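Structure assessment
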Amino acid sequence: MNTFRGLGEDPEYHPPALTGRPRDWPLDRWEEAPRDLGFPDFARYQWRGLRMLKDPDTQAALHDLVYELRPRTIVELGVYSGGSLVWFRDLTRLMGIDCQVVGIDRDLSRCRIPESEMAGISLREADCSVLETFEPLRELAHPLLFIDDAHANTFGIMKWAVDHLLEAGDYFIIEDMIPYWHRYSPKLLTEYLATFRDVLTMDMVYANTSPQLDRGVFRRTTHGR
Ligand code: SAH
């Protein structure tokens, strides 16, 4: 599942290069100008020169959520080139939020964040299928925004987070996967999600803002703890 859209490609951001057409198009041939870029958009998404595997509508939704929640900690499972960690750090700083950003990945070799850009960001190399990895996270500041973008042991992690980490109002987001799981294994997905019904609710604003966040934005309730 982790092989589509971005993964397996070059983690380095390369500015868009047009092929088969000039960048400066002559205006006396305005009508013949191509109406697309001629290459897939996704590789173009970046933040300050680091690739970011989030669509613009997802970025806009997360901007709004961060503004509303004012998280003191953001944990993202799945770092890849690290662009989204730097984006979250910069975004919270611009909003005047004192926030720590934590990235976890089993393979940090693709992370491209320069040493000079690491303020407010910590990286941990660990496998999501080993739950002990998450023990040190217990001490984190709240409100907390927790994003699963690695998709290994997601429901095990979600259960651990509900039991040990999330406080009322904190968020747990499953990025990208809900529509796939719903297509290929709808019964299991609805059964798994139902087991969280006393402790998490779906936030009907952010769960409907972008395909990557589709039905995967959950908020810790006040009961059940
Ligand atoms: N969050 C990033 C993209 C992450 S891509 C962004 O928005 O830009 C998914 C990442 O999950 C990959 O870097 C991959 O190495 C990591 N991953 C996959 N399986 C994992 C596992 N079992 N444990 C930890 N990380 C894993």
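Preceding block: the structure.
No experiment lies behind these values; they were computed from the predicted model shown.

Before going further, it helps to spend a moment on the overall build of the protein chain. Assigned secondary structure in the protein chain consists of five helices and nine strands. Starting at the N terminus and ending at the C terminus, the protein chain contains elements arranged as β-β-α-β-α-β-β-β-α-β-α-α-β-β. In terms of overall dimensions, the protein chain is globule-like: its C-alpha atoms have a radius of gyration of 19 Å, near the 17 Å expected for 225 residues. For the C-alpha atoms alone, the extent of the protein chain along its principal axes is close to 70 × 45 × 30 Å. Burial status across the protein chain gives 45% buried among its 225 residues. Once local pairs closer than 6 in sequence are excluded, the contacts in the protein chain between residues at least 24 apart make up 71%. Carbon and sulfur atoms make up 52% of the accessible area of the protein chain, which totals about 12000 Å². Both charge centroids of the protein chain, one from 26 positive and one from 36 negative side chains, sit 2 Å from each other.

Moving on to unusual backbone geometry. Residue Pro-143 is reached from His-142 by a cis peptide bond, and omega for that bond is 0°. Mapping Pro-143 onto the fold places it in the loop between strand 5 (121–125) and strand 6 (144–148). For Arg-215, which is not glycine, the phi torsion reads 55° and is therefore positive. Mapped onto the elements of the fold, Arg-215 is located in the loop between strand 8 (200–202) and strand 9 (217–220). Among the residues examined, Arg-215 registers a relative accessible area of 31% and is labelled partly exposed.

Glancing now at the site of the ligand. Near the ligand you find 19 residues, and of these Lys-54, Gly-78, Asp-105, Cys-128 and Asp-149 are the closest. A distance of 2.9 Å separates an oxygen atom of the ligand from a polar atom in the backbone of Leu-53. Between the ligand and the protein, one listed contact pairs an oxygen atom with a side-chain N or O atom of Lys-54 at 2.8 Å. Its residues assigned to classes, the shell around the ligand comprises nine nonpolar, three polar and seven charged.

For the coordinates displayed, the defined rule picks out five aromatic pairs. Between Phe-155 and Trp-181, the aromatic rings sit 5.4 Å apart at their centres with planes inclined by 45°, giving tilted as the arrangement. Here Phe-155 is found in helix 3 (residues 154–164), whereas its partner Trp-181 is found in helix 4 (residues 178–184), with 26 residues between them in sequence. Members of the aromatic cluster, joined through ring pairs, are Phe-155, Trp-181 and Tyr-192.

Right, let's talk about the sheet that holds strand 7 (residues 171–174) for a bit. With mixed pairing, the seven strands of this open sheet are ordered in space as 5-4-3-6-7-9-8. The open sheet has two free edges, formed respectively by strand 5 and strand 8, since each of these has just one partner strand. The sheet shows a mean angle of 20° between the axes of neighbouring strands, direction not considered. Taken together, the five bridges between strand 3 (residues 73–77) and strand 6 define a ladder with parallel strand orientation. Looking at the pairing, Ile-74 lines up with Leu-145 of strand 6. Here helix 3 sits on the sheet in contact with strand 3, strand 6, strand 7, strand 8 and strand 9, set at roughly 175° to strand 7.

Calculation criteria
- Residues numbered from 1 in each chain as written.
- Predicted model: local features only at pLDDT ≥ 70, side-chain atom pairs only at ≥ 80, totals over all residues.
- Heavy atoms only, no water.
- Helix = DSSP H or I, 4+ residues; strand = E, 2+ residues; numbered from the N terminus.
- Rg over C-alpha atoms; globule rule 2.2 N^0.38 Å.
- Buried < 20%, exposed > 50% of the residue type's maximum accessible area, 1.4 Å probe, protein only.
- Contact = heavy atoms within 4.5 Å.
- Areas by Shrake-Rupley, 256 points an atom, 1.4 Å probe, with all protein chains shown as cover.
- Lys, Arg positive; Asp, Glu negative; His and termini not counted.
- Charge placed at Lys NZ, Arg CZ, Asp CG, Glu CD.
- Near = heavy atom within 4 Å.
- Polar contact = N/O pair within 3.5 Å; in protein donor to acceptor, adjacent residues only side chain to side chain.
- Nonpolar A, V, L, I, M, F, W, Y, C, P; charged D, E, K, R; others polar.
- Phe/Tyr/Trp six-rings, centres within 6.5 Å; stacked < 30°, edge-to-face > 60°.
- Pairing = 2+ DSSP bridges.
- Axes fitted to C-alpha atoms, helices over the stretch in contact; angles between N-to-C directions.

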